[in-house]
Amino acid sequence: MFDREYREIITKAVCGKGKKFTETLHMVTPNHRPTSILGCWVINHQYEAKKKGRIVEITGAYDINVWYSHSNNTKTEVVTERKQYVDKVPIVMKDDKCISNSFDVVARATQQPNTLECTIDDSGKVKVELEREFVVDIIGETKVWAKIEPNGFDEDDFDFDDLEAELAEIDVDKD
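Residues numbered from 1 in each chain as written. Predicted model: local features only at pLDDT ≥ 70, side-chain atom pairs only at ≥ 80, totals over all residues. Heavy atoms only, no water.

Trainee: So, the pairing of strand S1 (residues 6-28): which residues are in play, and what are the values?
Mentor: In terms of strand pairing, S1 meets strand S7 (residues 126-147) through 22 bridges, oriented antiparallel. By the bridge assignment for S7, Glu 23 is matched with Glu 131. Relative to strand S5 (residues 92-93), S1 runs antiparallel, the two being bridged by two bridges. Residue Gly 16 lies in a different strand from S5, and its bridge partner there is Met 93. (Pairing = 2+ DSSP bridges. Helix = DSSP H or I, 4+ residues; strand = E, 2+ residues; numbered from the N terminus.)

This is the structure we're talking about:
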């Protein structure tokens, strides 16, 4: 027998979350032995994410550009190298009662690849230290129950002043 005061709703919801911060080191090989580093930046970042068991594997790539001087600071050049990476983000499942084994994966780079340090090593190669961070949501189908108000709901009976005071206390900039 169905309970007339509640409804079972099947919906998509965030069933799991993950977050990973990574610092990594890449070696870039310039065409000439550098005298000094004039700049280093990362562009063309692309990635995709796939759930694999209790982790999300993020496969990505970006271009590292190093502007350097050579020949005793008399000439400059920019060298560009495409670098690939794989980040494995552990997932904490918040809802083990998902009704489907099919999930959508949403990965966001909360910290785009960013240069921390760029130095010349003893062999004349350039060491580039980078950081990046991802947040991952696992979205799946789940069930929720909603109580049915027998007499309906009238917005005129709702006290929006209490709600506005409660909403004003929420820090929207806090993650």
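On we go.
Trainee: Can you explain the environment of Val 144? Please cite residues and give values.
Mentor: Here Val 144 shows up in strand S7. The exposure class of Val 144 is partly exposed, given its relative accessible area of 36%. In this structure the C-alpha to C-alpha distance between Val 144 and Arg 7, which are 137 residues apart in sequence, comes to 8.3 Å. Look past the residues within four positions of Val 144 in its chain and what remains in contact with it is Arg 7, Glu 8, Ile 9 and Thr 11. (Buried < 20%, exposed > 50% of the residue type's maximum accessible area, 1.4 Å probe, protein only. Contact = heavy atoms within 4.5 Å.)

Trainee: Kindly report on the sheet that holds strand S4 (residues 75-90), identifying the contributing residues and their values.
Mentor: The strand order across the open sheet formed by three strands is S2-S3-S4, and the pairing between neighbours is antiparallel. Of all strands in the sheet, those with a lone pairing partner are strand S2 (34-52) and S4, marking the two edges. Across this sheet, the average inter-strand angle for adjacent strands is 15°, counted without regard to direction. In this structure, S2 lies alongside strand S3 (residues 55-70), joined through 15 bridges in antiparallel fashion. Of the residues in S3, the one forming a bridge with Pro 34 is His 70. (Axes fitted to C-alpha atoms, helices over the stretch in contact; angles between N-to-C directions.)

Trainee: Just give me the short version of the state of the cysteines, but keep the residues and values in it.
Mentor: Summed over the entire model, instances satisfying the criterion amount to one disulfide. Between the sulfur atoms of Cys 15 and its disulfide mate Cys 98 the distance is 2.5 Å. Of this pair, Cys 15 sits in strand S1 while Cys 98 sits in the loop between S5 and strand S6 (104-120), and the two are 83 residues apart along the sequence. Residue Cys 98 is classed as buried on the basis of its relative accessible area of 16%. Cysteine Cys 118 is unpaired, with the sulfur of Cys 40 as its nearest cysteine sulfur at 3.8 Å. (Disulfide = S-S within 2.5 Å.)

Trainee: So, the pattern of salt bridges: which residues are in play, and what are the values?
Mentor: Opposite charge on two side chains lets them pair, provided their charged atoms get close. Evaluation of the coordinates by the stated rule reveals ten salt bridges. The partner of Asp 104 in a salt bridge is Lys 12, and the shortest N-O contact between them spans 2.9 Å. Of this pair, Asp 104 sits in strand S6 while Lys 12 sits in strand S1, and the two are 92 residues apart along the sequence. Look at Asp 104 and you get partly exposed, because its relative accessible area is 36%. (Salt bridge = Lys/Arg side-chain N within 4 Å of Asp/Glu carboxyl O.)

Trainee: Outline the pairing of S3, listing residues and values.
Mentor: Judged by how many residues are buried, S3 sits mostly within the fold: 13 of 16 residues are covered. The antiparallel pairing of S2 with S3 creates a hairpin that spans two residues between the two strands, and Gly 53 there sits at a positive phi of about 70°. Here S3 hands over to S4 after four residues, with Ser 71 in that stretch at a positive phi of 55°.

Trainee: Got a sec to walk through unusual backbone geometry? Specific residues and values, please.
Mentor: A positive phi is found at Asn 44, a non-glycine position, where the angle reads about 60°. On the secondary structure map, Asn 44 appears in strand S2. A residue is classified by how much of its surface remains accessible, and Asn 44, at 45% relative accessible area, is partly exposed. Residues other than glycine seldom take positive phi values, yet Asn 72 does so here, at roughly 55°.

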